[in-house]
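Residues per chain, in single letters:
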Amino acid sequence: MDPDDLISFSDAAREIGCSRTTLYRAADDGRLNDVEVGGRRMLIKDEAWDDFEPNLVGGRMRKLEQEDDDIGE
């Protein structure tokens, strides 16, 4: 596996625009693939990564909806 195929949960959260908790949950339930490297869990940038769409709920979703409303005004 190429090191460029791995991304930390923090970096992935920033890249996708969701929380680390969302990504950990997705890895735990099999929607994303991860490996442990030196005691750290890292996400694998594979087909599951390419297809992943976070289920945004709660405060984050309301914030995004508010930003969309502000842009439309």
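Heads up: the structure comes first, above all this text.
As the structure is a computational prediction, the values presented were derived from the model and not from experiment.

Student: Is there a simple way to think about a negative patch on the surface in this case?
Tutor: Negative charge collects at one region of the surface, where E47, D50, D51 and E53 lie side by side. On the secondary structure map, D51 appears in helix α3 (residues 47-51).

Student: Which parts of the structure should I look at to understand the packing of aromatic side chains?
Tutor: For any pair of aromatic rings, geometry is given as the distance between the ring centres together with the angle between the planes. Tallied over the entire structure, the rule returns one aromatic pair. Considering the side-chain rings of F9 and Y24, the 3.9 Å spacing of their centres and the 5 degrees angle between planes classify their relative orientation as stacked. Taken as a pair, F9 in helix α1 (residues 9-16) and Y24 in helix α2 (residues 20-28) lie far apart in primary sequence, 15 residues in all. Under the relative-accessibility criterion, F9 is labelled buried at 2%.

Student: Before we go on, may I ask you to explain the pattern of salt bridges in this structure?
Tutor: If the charged atoms of two oppositely charged side chains come close together, the side chains can form a pair. Tallied over the entire structure, the rule returns four salt bridges. Between R31 and D29 there is a salt bridge, and its shortest N-O distance comes to 3.1 Å. The class of R31 is partly exposed, set by a relative accessible area of 33%. Among the charged side chains, a salt-bridge network with shared partners connects D28, D34 and R41.

The rules we used
Residues numbered from 1 in each chain as written. Predicted model: local features only at pLDDT ≥ 70, side-chain atom pairs only at ≥ 80, totals over all residues. Heavy atoms only, no water. Patch = residues over 30% accessible without salt bridge, like charges linked within 9 Å, V, L, I, M, F, W, Y side chains within 5 Å. Areas by Shrake-Rupley, 256 points an atom, 1.4 Å probe, with all protein chains shown as cover. Salt bridge = Lys/Arg side-chain N within 4 Å of Asp/Glu carboxyl O. Lys, Arg positive; Asp, Glu negative; His and termini not counted. Charge placed at Lys NZ, Arg CZ, Asp CG, Glu CD. Helix = DSSP H or I, 4+ residues; strand = E, 2+ residues; numbered from the N terminus. Phe/Tyr/Trp six-rings, centres within 6.5 Å; stacked < 30°, edge-to-face > 60°. Buried < 20%, exposed > 50% of the residue type's maximum accessible area, 1.4 Å probe, protein only.

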